[in-house]
Amino acid sequence: MATTWLKSLHIGMKRARSTVISDIIDYVKNPHKTDNGKLITSYGCNSQTADDEFILAKREYEFITGRDQGRRDVIAYHIRQSFKPGEIDAETANRIGYELAMSFTKGNHAFIVATHIDRKHIHNHIIFNSTALPCDRKFKDFKRSGKAVRRISDLLCLENGLSVIENPQPSKGSNYAKWLGNKEPTWQDKLRLKIDEVLPSCSTFDDFVASMIAAGYIYSDKRKHKTFLAPGQKQPTRIDTLKGDHTEAAIRERLAGTRVVSSSSAARQSDAVVDAIAESGTFGNQPRVSLLIDIQAKIREGKGAGYERWARIFNLKEAARTLLFLQDNGIDSYDDLVKKAAAASADFDGRMTKIKAAEKRMAEISELQKYIGTYGKTRETFAKYKASGWNPDFYEEHRADITLHRAAKKHFDTLKIKKLPTIASLKQEYAALAAEKKKLYSGYHEAKDNMRQLIVAKGNAERILGIGKDEQDRERSRAQERSRAHDR
């Protein structure tokens, strides 16, 4: 089943920036793993010279912004996307990887996608430049960005009829779940769950350990036994006490492909633990409403009876969550839901329009201030050049200042400015716009989440009530396109 992880690549100590990028790109482009380079695609760069292009972009960024983070600099990001063995061909995997990278970066960052076929599970390596294509900003690794990558990957896989690891769980029916009952999960239970979560995206035991550390666990092999310590845990857990498919030997066998854990068994165990964790409140907030699955469409795509059983249980849960969401928000009719969804969309649209307008004007002010400053510094030199009768020797001696002065004058003419505003007035206007933008952003995430929740709830209500599918699809497409446009 498709799994993903996202890692940032730092310069670190005693390494050159170019070495870090070339090492990782050379690894993912390995011809033995990519069918002699046939399974490599790129965007915003040439796959043959991607490392050099990434470095040039970073130099341009430092020149434009004057920022240099030194050894702490994140130079690129690495996404790995793995697929269930035998479920996908390499070309399709590469296409899905490209779509994942394009969707996650919104086309703002150069990237390469290399599909590896040297293992039983086909997997993608995506390397994208931390510096944006215009070289004026860098990617901001937002909170839970890894979950965002996984969510996009899951949606793409479902669209292509592939299995995924879903957050919603089927009902508890296995012996493991029956044994667990309603007890709060132990540290061992949570460790088993985390191992099952990270293992599919790992190639070696070292990869596995690194992924566990990235997930917040502390690893130790200084003594006789290897242990993991979870955040908040007082005493570490020995791996070999986990037994079954989670001992060190079993993990190494799973990595080597000599031990296969049935997906249904792993899913049942993980589902039981996640259900118990959710019930105990360990995860904090309640899960948001998810869109109901079109079961018949999935069956036509070739999904089996097992998927159908899971999907029906999932839909029952989501129908219940939708009902609770509507009750919590005081919505007691479909018409009321439509109105609130439309109002939430209008509120978000209006907020984004104002934010973008403020950002545009702030950028204009910053640029204008720069040109006014340049104009003032070079005005005396240009006046002397004019008084010299445009003397060529004077021009050659003061070429830089004269060129900058003319560029500033051209900028003012483009804006049709007859009288230059004062720097003080521009600073005052900029401060007012910054305050307005901050105020608008204070409710941005809440407005966005509210809009999406209402749109999903509306889609679920339409499916439950049997409202026309064509209209549902059109409305959902409009909502998705609007959301994508705002994210860009």
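Residues numbered from 1 in each chain as written. Predicted model: local features only at pLDDT ≥ 70, side-chain atom pairs only at ≥ 80, totals over all residues. Heavy atoms only, no water.

Another point: the overall build of the chain. When its secondary structure is counted, the chain shows 17 helices and 8 strands. Looking at the chain residue by residue over its 488 residues, the buried ones come to 42%. Put simply, of all contacts in the chain between residues at least 6 apart along the chain, 70% involve residues at least 24 apart. For the chain, the accessible surface area stands at approximately 27400 Å², while carbon and sulfur atoms represent 52% of it. (Helix = DSSP H or I, 4+ residues; strand = E, 2+ residues; numbered from the N terminus. Buried < 20%, exposed > 50% of the residue type's maximum accessible area, 1.4 Å probe, protein only. Contact = heavy atoms within 4.5 Å. Areas by Shrake-Rupley, 256 points an atom, 1.4 Å probe, with all protein chains shown as cover.)

A few words now on the pattern of salt bridges. Taken as a whole, this structure holds 13 salt bridges when the rule is applied. As a salt-bridge pair, Asp136 and Arg137 come within 3.0 Å of each other at their nearest N and O atoms. Judged by its relative accessible area of 38%, Asp136 is partly exposed. One network of salt bridges, in which partners are shared, links Lys226, Glu248 and Arg252. (Salt bridge = Lys/Arg side-chain N within 4 Å of Asp/Glu carboxyl O.)

Okay, the layout of surface pockets next. Estimates place the volume of the second largest pocket at around 290 Å³. When residues of the lining of the second largest pocket are traced back to their parent elements, those giving at least two are helix H12 (334–387) and helix H15 (423–442). A class-by-class count of the residues in the lining of the second largest pocket yields 3 nonpolar, 1 polar and 3 charged. (1 Å grid on protein atoms, 1.4 Å probe; cavity = no way out; pocket = protein on both sides within 12 Å on 5 of 7 lines; lining within 4 Å. Points joined across faces, edges and corners; volume = space filled by probe spheres on them. Nonpolar A, V, L, I, M, F, W, Y, C, P; charged D, E, K, R; others polar.)

The next point concerns the confidence of the model for the chain. Detailed reading of the predicted model is not advised wherever pLDDT is low. With 76% of its residues at a pLDDT of 70 or more, the chain has an overall mean of 77. Scored below 50 in pLDDT, residues 262–287 shows 42 contacts in the model against residues more than four places distant or in partner chains. (pLDDT = per-residue confidence, 0-100.)

One turn of an α-helix holds 3.6 residues; hence residues three or four places apart share an orientation. Between its terminal C-alpha atoms H15 stretches 28 Å, which fits the 28 Å expected from 20 residues at 1.5 Å a residue. Structurally, H15 contributes buried residues whose contacts are with H12 and helix H16 (444–465). (Expected span 1.5 Å × (residues − 1).)

With that settled, consider the packing of aromatic side chains. Applying the stated criterion across every chain, the model contains 17 aromatic pairs. Feature note: the residues Phe205, Phe208, Tyr217, Tyr219 and Phe228 constitute an aromatic cluster, connected by ring pairs. If you follow Lys190 out to its NZ or CZ, it ends over the ring of Trp187, 4.5 Å from the centre. One residue, Lys370, lies across the ring of Tyr371, its end atom 5.3 Å from the ring centre. (Phe/Tyr/Trp six-rings, centres within 6.5 Å; stacked < 30°, edge-to-face > 60°. Lys NZ or Arg CZ within 6 Å of the ring centre and 35° of its normal.)

As a further point, take the side chain of Lys58. You can see Lys58 is positioned in helix H2 (residues 50–65). In this structure Lys58 comes out as buried when scored by relative accessible area, which is 2%. For Lys58, the side chain forms a polar contact with the side chain of Asn129, separated by 2.7 Å. (Polar contact = N/O pair within 3.5 Å; in protein donor to acceptor, adjacent residues only side chain to side chain.)

Now for the side chain of Arg192. Note on placement: Arg192 falls in helix H6 (residues 187–198). Here Arg192 falls in the buried class, since its relative accessible area comes to 14%. At 3.3 Å, the side chain of Arg192 and the backbone oxygen of Leu242 are in polar contact.

A few words now on the pairing of strand E5 (residues 123–129). Two faces, one strand: in a regular strand the side chains alternate between the faces of the sheet. When you tally the buried positions in E5, you get 7 out of 7 residues, the bulk of the element. The two faces of E5 match: His123, His125, Ile127 and Asn129 on one face and Asn124, Ile126 and Phe128 on the other face are all buried. Of the pairings in the sheet, the one linking strand E3 (residues 74–82) to E5 comprises 7 bridges and is antiparallel in character. Among the inter-strand pairings, Tyr77 is bridged to a residue of E5, identified as Phe128. Two elements, strand E4 (residues 111–116) and E5, share 6 bridges in a ladder whose sense is antiparallel. If you follow Val113 over to E5, its bridge partner there is Ile126. (Pairing = 2+ DSSP bridges.)

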